[in-house]
Protein chains: 2
Amino acid sequence: MVESTTTIYDVARVAGVSMATVSRVVNGNANVKEKTRQKVLDAIAELDYRPNAIARGLASKRTTTVGVVLPTITSPYFAAIARGIDDVASMYNYNVVLANSDNDEEKEGKVIESFLSKQVDGIVFMGSSLSESVRNQLVGTRTPVVLAGAIDGDKELASVNIDYHKAAYEATKKLLKTGKKVAYVLGSLNDAENVERMVGYQEALEEAGVKFDEALVFEGNYSYENGRNLAQHLIDKNVNSAVISVDDVAVGLLNSLQEKGVKVPTDFEIIAGSNSALTQYSFPALTSVNQPLYDLGAVSMRLLTKLMLKEEVAESQLILDHEIINRRSTK
Amino acid sequence: MVESTTTIYDVARVAGVSMATVSRVVNGNANVKEKTRQKVLDAIAELDYRPNAIARGLASKRTTTVGVVLPTITSPYFAAIARGIDDVASMYNYNVVLANSDNDEEKEGKVIESFLSKQVDGIVFMGSSLSESVRNQLVGTRTPVVLAGAIDGDKELASVNIDYHKAAYEATKKLLKTGKKVAYVLGSLNDAENVERMVGYQEALEEAGVKFDEALVFEGNYSYENGRNLAQHLIDKNVNSAVISVDDVAVGLLNSLQEKGVKVPTDFEIIAGSNSALTQYSFPALTSVNQPLYDLGAVSMRLLTKLMLKEEVAESQLILDHEIINRRSTK
DNA sequence: TTGTAGGCGTTATCAA
DNA sequence: TTGATAACGCCTACAA
């Protein structure tokens, strides 16, 4: 039973009505007599008709599709956010087009360009940093945009974020409470969120009367290997605790530490920063700041639907609550 | 600088040529004088013109888009495959539309339906099992389809797979070599791939003269928690090694085992089945069958491009090589 | 090498 | 409640 494009005309012919009527029943328009509606439905079933979304998009200027740009699909962090986006999107009958940007400014530009040319109804942008060119691109379009886990310094773009500053502050404070010498490990300081973390870290130190030591801040760490390589450095500096924003790094450090005979949490305490599945799988499981990743995605998408449907939006800069989940890597 | 849809006509007007010519330069058609091409390019730049992919798709009946259905984006296993798909897709200038199916037959159907109505040029299907209805749906369409890591018993659909049978056989054999009592932990036996694994397991036992014991096969395990719950069962049965097809389960078992004081690999050896990042992050790192996931995706997508471009395809049932990567969970 | 005109499959506006 | 008939923005013969 090979399909050959059957159109709205075919259905109209079989049902003995005009194509306009068919279009109405397909789109659930109320102004159709029940009897003719049934005729049309029968014809649709008989012909196995399927509306052409492309033609529909051209005529209606709506594609019911949203574009999602994320650095990489293989990161559990972004995957969790994407999942939240996806669930809410399908709840609102939007399809999702995903594109990897590899955290590369040029690719981000291309990807957004491609979304726009595909006439997506909205865009969710994930990415640790927001370059000036990408920002301009996003600001300059009519297509609604929401940043998920990315900060627009000028607050012109809608965004959903976690209170990184406070999260860092609290995690640091928690470690200081047990009298630890605490290091802070994060990604690039070119990312606004990491700058916020730094500030939170420093505030907690200050409050506890501990002098800030630049040598205890490790920047630019994203990978498991980074974490492993960090172990010896920390030991050498007599550090005995660390807050680590990227989970992969935290697990790397944890494992390397243990291989070197350092007991966690007895000799060394760790707080991870994202509460991805990794933190639960590690041994011992990692105490972690719980960034509500799924919610971050879900809320972002929900916000985007409001923008797309031109609903009233009271506040377009949202901050989600986080918490610290105690597991076995802290006392 | 708010955009308002500028069309090919606007460009034509500004450049002082016909829209057909504009279309030609946009599509890289050779039959355009260099001078006029330049005029057009200038006009495009001046107007910030961007081709409307929807209109293009309607007119050309090609969308340069492929649909990818996967159970869940948050699984590292599928994410790795998806990454391979994505990379090759963009290499061939295709965009990727991802959709979660949650391994639910009904959702799979809907998702495919939506892809078809969106006029995707091709579909990559991932999913542990292939239901009859979905199979019919896929077979009955003109749109090229490739199964990635899923088996079509009738070999009607193109597919790319790993030799699950052999992988299970080799892993089991390896454990038997050190004289272990080996359990086999896998997902649902409704999935063809798992049946293949079972057979491989049994063959290895037989070859070693070990009697097959049904009680040592654990079916339907997919999650980290499943793995944790398994630990005591295995200990009670005096099992001292296991091949585990799902990495999450393997890590769960590993951790639970160690919490109970069982030393890995001294007292218990584990071979994981997918070599996802998890196996490298765990402590100790897990020896694992290396399913070339990224390649699986990449090859699937490559095969799909051939199908879409109607190139000659010698063999449409591909099997990729695997290997066993020795880490710290085996001796 | 360039232009004209007829689709592509819908939606949407007017009339009827 | 229904039916014509323009768009929608682009591609693609076919002509010139």
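One numbering rule holds for all chains: residues counted from 1, following each sequence as written. Ligands are numbered from 1 and chains lettered from A, in the order in which they are written. Two thresholds apply to this predicted model, a pLDDT of at least 70 for residue-level local features and 80 or more for giving and counting side-chain atom pairs, whereas whole-chain, interface and lining totals are computed over all residues. To obtain the side-chain values, all non-hydrogen atoms of the structure were used and water was disregarded.

**Describing the side chain of R37 of chain A**
Residue and element names in this part refer to chain A.
Phase 1: The helix and strand labels rest on DSSP assignments: H or I over at least four residues marks a helix, E over at least two residues marks a strand, and numbering proceeds from the N terminus. Here R37 lies in helix α3 (residues 34-47).
Phase 2: Exposure remark for R37: the relative accessible area of 18% places this residue in the buried category.
Phase 3: Residue contacts are defined here by distance: any two heavy atoms, one from each residue, within 4.5 Å place the two residues in contact. The contacts of R37, once residues within four sequence positions are left out, are V25, N29, A30 and V32. Note on classification: 1.4 Å probe, protein chains only; a residue is buried when its accessible area is under 20% of the maximum for its type, exposed when over 50%, partly exposed between these limits.

**Considerations on the pairing of strand β8 (residues 241-244) of chain A**
Residue and element names in this part refer to chain A.
Phase 1: Burial along β8 is two-sided: the residues S241 and V243 and A242 and I244 are all buried.
Phase 2: By the bridge criterion, four bridges tie strand β6 (residues 182-185) to β8 in an arrangement that is parallel. Bridging from a neighbouring strand, A183 pairs with A242 of β8.
Phase 3: Two strands are said to pair when DSSP picks up at least two bridges between them. Here β8 pairs with strand β9 (residues 269-272) via four bridges, running parallel. From the neighbouring strand, I244 faces β9, where its bridge partner is A272.
Phase 4: Viewed along the sheet, the connection from β8 through helix α11 (residues 247-259) into β9 turns out right-handed. By the criterion used throughout, a crossover qualifies as right-handed when its path from the first strand across the helix to the second strand runs clockwise, the strands pointing away from the viewer.

**Description of the UniProt feature "domain: HTH lacI-type" (unreviewed entry) in chain A**
Phase 1: Here, the residues flagged by UniProt with the feature "domain: HTH lacI-type" (unreviewed entry) are residues 6-60 of chain A.
Phase 2: Summarising residues 6-60 of chain A: 69% helix, 0% strand, and an end-to-end C-alpha distance of 20 Å. UniProt positions are given in the numbering used here, feature names are shortened, and annotations may be inferred rather than shown by experiment.

**Quick notes on the sheet that holds strand β8 (residues 241-244) of chain B**
Across a sheet, paired strands are connected by hydrogen bonds in the backbone, their directions being either parallel or antiparallel.
Residues and elements named next belong to chain B.
Phase 1: Here we have six strands laid out as an open sheet, ordered β7-β6-β8-β9-β10-β12, and mixed in their pairing. The sheet is open, and its two borders are formed by β7 (217-218) and β12 (323-325), each paired with just one other strand.
Phase 2: Relative to strand β10 (residues 287-290), strand β9 (residues 269-272) runs parallel, the two sharing two bridges. Note that in β10 the partner of I271 across the bridge is T287.
Phase 3: Lying over the sheet, helix α11 (residues 247-259) contacts β6 (182-185), β8 and β9, oriented at roughly 160 degrees with respect to β9. Angles shown run from 0 to 180 degrees and are taken between the N-to-C directions of axes, each axis being a line fitted to C-alpha atoms and, for helices, limited to the stretch in contact.

**A few points about the relation of the copies chain B and chain A**
Phase 1: For the pair chain B and chain A, the best superposition has an RMSD of 0.1 Å and corresponds to a rotation of 180 degrees with a translation of 0.0 Å parallel to the axis. Read as a symmetry element, the transformation amounts to a two-fold axis. Residues of chain B ranked by C-alpha distance from the rotation axis are headed by V97 of chain B, positioned 2.2 Å from it. When the copies are superposed, the least-squares fit takes in the C-alpha atoms of residues with a pLDDT of at least 70 in both.

**Digging into helix α10 (residues 224-236) of chain B**
Phase 1: Bend, at a single residue, is the angle you get between axes fitted to the 7 residues ending at that residue and the 7 residues starting at it. Of all the bends in α10 of chain B, the greatest, near 30 degrees, is centred on L230 of chain B.
Phase 2: Of the positions making up α10 of chain B, those classed as buried are Y224, G227, L230, A231 and L234 of chain B.
Phase 3: Packing partners of the buried residues in α10 of chain B comprise α12 (277-281) of chain A together with β6, β7 and α11 of chain B.
Phase 4: Just beyond α10 of chain B, the residue with positive phi is N238 of chain B, at close to 60 degrees.

**A few points about the interface of chain B and chain A**
Phase 1: Chain B puts 52 residues into the contact, and the matching count from chain A is 52 residues.
Phase 2: The contact between chain B and chain A buries some 4,400 Å² in all, and 56% of this surface belongs to carbon and sulfur atoms.
Phase 3: Of all residues in chain B, I54, Y281 and F283 of chain B give up the largest surface area on contact with chain A, accounting jointly for 17% of the area buried on that side.
Phase 4: We count a salt bridge whenever a side-chain nitrogen from Lys or Arg sits within 4 Å of a carboxyl oxygen from Asp or Glu. Counting the contacts that link chain B with chain A gives four salt bridges.
Phase 5: We define a polar contact as two N or O atoms separated by no more than 3.5 Å, with the added condition that, inside protein, one atom must be a possible hydrogen donor and the other a possible acceptor, whereas residues neighbouring each other in sequence contribute only through side-chain atom pairs. Counting across the chain B and chain A interface gives 20 residue pairs in polar contact (both at pLDDT 80 or more).
Phase 6: If you list the elements that add at least two residues to the side of chain B that touches chain A, you get α4 (53-60), α5 (76-91), β2 (95-100), α6 (105-117), α11 and α12 (277-281) of chain B.
Phase 7: All residues other than Ala, Val, Leu, Ile, Met, Phe, Trp, Tyr, Cys, Pro, Asp, Glu, Lys and Arg, Gly among them, are scored as polar; the first ten of these are nonpolar and the last four charged. A per-class count over the side of chain B that touches chain A returns 21 nonpolar, 20 polar and 11 charged. In short, buried area is how much 1.4 Å probe accessible area vanishes from two parts on joining, totalled over both.

**With respect to the protein's contact with DNA strand D**
Phase 1: If a single non-hydrogen atom of a residue is within 4 Å of a molecule or strand, that residue counts as near it. Around DNA strand D sit 26 residues, and of these T21, R24 and T36 of chain A together with I8 and Y49 of chain B come closest.
Phase 2: The share of sugar and phosphate among atoms of DNA strand D within 4 Å of the protein is 64%.
Phase 3: Within the contact set of DNA strand D, a phosphate oxygen lies 2.9 Å away from a side-chain nitrogen or oxygen of K61 of chain A.
Phase 4: Those elements giving two or more residues to the surface near DNA strand D turn out to be α2 (19-26) and α4 (53-60) of chain A together with α1 (8-15), α2 (19-26) and α4 of chain B.

**A short note on the packing of α10 of chain B against α11 of chain B**
All names here are of chain B.
Phase 1: Here α10 crosses α11 at 50 degrees, and the two axes come no closer than 6 Å. When the axis of α10 is compared with that of α11, the two are oblique. The two elements α10 and α11 meet at a crossing, and its hand is right-handed. When α10 is examined against α11, the residues Y224, G227, R228, L230, A231, L234 and I235 are found in contact with a partner set consisting of D248, V249, V251, G252, L253, N255, S256, L257 and E259.
Phase 2: Classifying every residue of the contact of α10 with α11 by side-chain character gives nine nonpolar, four polar and three charged. Reported orientations rely on four angle classes, namely roughly parallel under 35 degrees, roughly antiparallel over 145, roughly perpendicular from 65 to 115, and oblique for the rest. Left-handed describes a crossing in which the near helix is turned anticlockwise from the far one by less than a right angle; the clockwise case is right-handed.

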